[in-house]
Amino acid sequence: MPVNKPVATPAIAIDTAETLRIDCYVRSAVPAPLTETIDAVIERLQRLCEHGSIAEYHISCWPPETVETNAPTRDELVAAFERWAEQHGHSLKPAFHRQRIPSSPLGLNEPYERVRVPVVALALYEAGTDEETDTETLCGVVPYTEQTSAGDKRTYTVEEWLAAVEPVGDEKKMHGCQVEQWSPMEGQQ
């Protein structure tokens, strides 16, 4: 992003840094140039954590479309993201997309729905304030699209959101942050 270009402030602000966790979802198999992009996002999340802008972050590959365990499937995760977007008057399109796959011409399979997810997405969770329960609330998903006051649609990318929330200047507010991540994706295909 050019230095002189102003960054539009996304509607998803981070007001409570000490309780904000970011789950970063990435595709597991991407071309080499995209691994650099993903690695850069991971480094930026680390800096946000070190500066106290977020409490912690987790890096995960998108879950498979079907899972044999208790873990949420990709469809369940995206459905939760879509509920958040709908409740806040936003949309996840075009980054997230549902596509109906018809049955095969020979009738060997039933029609089903496939969920396309972006290469990288952020889910923002705020810890509950009730000390007796360990609840977290989904308070944002990036990328997302909002309706502007002029009736146009404006899509906020992960890059734009990170640029809008990163500390300005040499302000070094170091906090202990919790990080659960795997090594950068360099060389992974």
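Residues numbered from 1 in each chain as written. Predicted model: local features only at pLDDT ≥ 70, side-chain atom pairs only at ≥ 80, totals over all residues. Heavy atoms only, no water.

S.K.: Any chance you could break down the overall build of the protein for me, citing the residues and the numbers?
M.R.: Scanning the protein from N- to C-terminus turns up three helices and 10 strands. The secondary structure elements of the protein, listed N-terminal to C-terminal, are β-α-β-α-β-β-β-β-β-β-β-α-β. By the burial criterion, 35% of the 189 residues in the protein qualify as buried. The contacts in the protein between residues at least 6 apart in sequence include a share of 64% that link residues at least 24 apart. (Helix = DSSP H or I, 4+ residues; strand = E, 2+ residues; numbered from the N terminus. Buried < 20%, exposed > 50% of the residue type's maximum accessible area, 1.4 Å probe, protein only. Contact = heavy atoms within 4.5 Å.)

S.K.: Before we move on, could you go through the pattern of salt bridges and cite the residues and values that matter?
M.R.: Scanning the model with the defined rule gives eight salt bridges in all. Between arginine 44 and glutamate 159 there is a salt bridge; the shortest N-O distance is 2.5 Å. One end of the pair, arginine 44, is in helix 1 (residues 32-50); the other, glutamate 159, is in helix 3 (residues 158-165), and 115 residues separate them in sequence. Judged by relative accessible area, glutamate 159 falls into the partly exposed class, the value being 33%. Glutamate 113 is the salt-bridge partner of arginine 98, the closest N and O atoms lying 3.0 Å from each other. With a gap of 15 residues between them, arginine 98 in strand 4 (residues 97-101) and glutamate 113 in strand 5 (residues 112-116) connect regions that are remote in the sequence. (Salt bridge = Lys/Arg side-chain N within 4 Å of Asp/Glu carboxyl O.)

S.K.: Tell me about the nonpolar core, and please be specific about residues and values.
M.R.: Counting residues in hydrophobic clusters, the biggest one holds 41 residues, and the most contacted among them are Leu45, Trp62, Phe81, Phe96 and Leu122. At the level of secondary structure, the elements contributing two or more residues to this core comprise strand 1 (20-26), helix 1, strand 2 (56-61), helix 2 (74-87), strand 6 (120-127), strand 7 (136-142) and helix 3. Sequence-distant contacts of leucine 45, that is, excluding residues within four places in its chain, are made with Ile22, Cys24, Ile54, Tyr57, Ile59, Leu122 and Leu162. (Core = buried A, V, L, I, M, F, W, Y, C linked by side-chain atoms within 4.5 Å.)

S.K.: Residue-level account of the packing of aromatic side chains, with values.
M.R.: The full count for this structure, using the stated rule, is seven aromatic pairs. Taking 5.9 Å as the distance between ring centres and 85 degrees as the angle between the ring planes, the aromatic pair formed by tryptophan 62 and phenylalanine 96 counts as edge-to-face. With tryptophan 62 in the loop between strand 2 and helix 2 and phenylalanine 96 in the loop between strand 3 (90-91) and strand 4, the pair connects residues that are 34 residues apart, well separated along the chain. With relative accessibility at 3%, the residue phenylalanine 96 sits in the buried group. (Phe/Tyr/Trp six-rings, centres within 6.5 Å; stacked < 30°, edge-to-face > 60°.)

S.K.: Explain the sheet that holds strand 8 (residues 144-147) to me, and be specific about the residues and the numbers.
M.R.: With respect to topology, three strands assemble into an open sheet ordered 3-8-9, the strand pairing being antiparallel. Both edges of this open sheet fall to strand 3 and strand 9 (153-156), since each of them pairs with a single strand only. Here strand 8 pairs with strand 9 via four bridges, running antiparallel. For tyrosine 144, the partnering residue across the bridge sits in strand 9 and is tyrosine 156. (Pairing = 2+ DSSP bridges.)

S.K.: Report on the packing of helix 1 against helix 3, specifying residues and quantitative values.
M.R.: In the contact formed by helix 1 and helix 3, the axes pass within 11 Å of each other and the chain directions differ by 25 degrees. Classified by the angle between their axes, helix 1 and helix 3 sit roughly parallel to one another. Seen along the crossing, helix 1 lies across helix 3 with a hand that is left-handed. When helix 1 is examined against helix 3, the residues Val41, Arg44, Leu45 and Leu48 are found in contact with a partner set consisting of Val158, Glu159, Leu162, Ala163 and Val165. Residue classes in the contact of helix 1 with helix 3 are distributed as seven nonpolar, no polar and two charged. (Axes fitted to C-alpha atoms, helices over the stretch in contact; angles between N-to-C directions. Parallel < 35°, antiparallel > 145°, perpendicular 65-115°, else oblique. Left-handed = near helix turned anticlockwise from the far one by under 90°. Nonpolar A, V, L, I, M, F, W, Y, C, P; charged D, E, K, R; others polar.)

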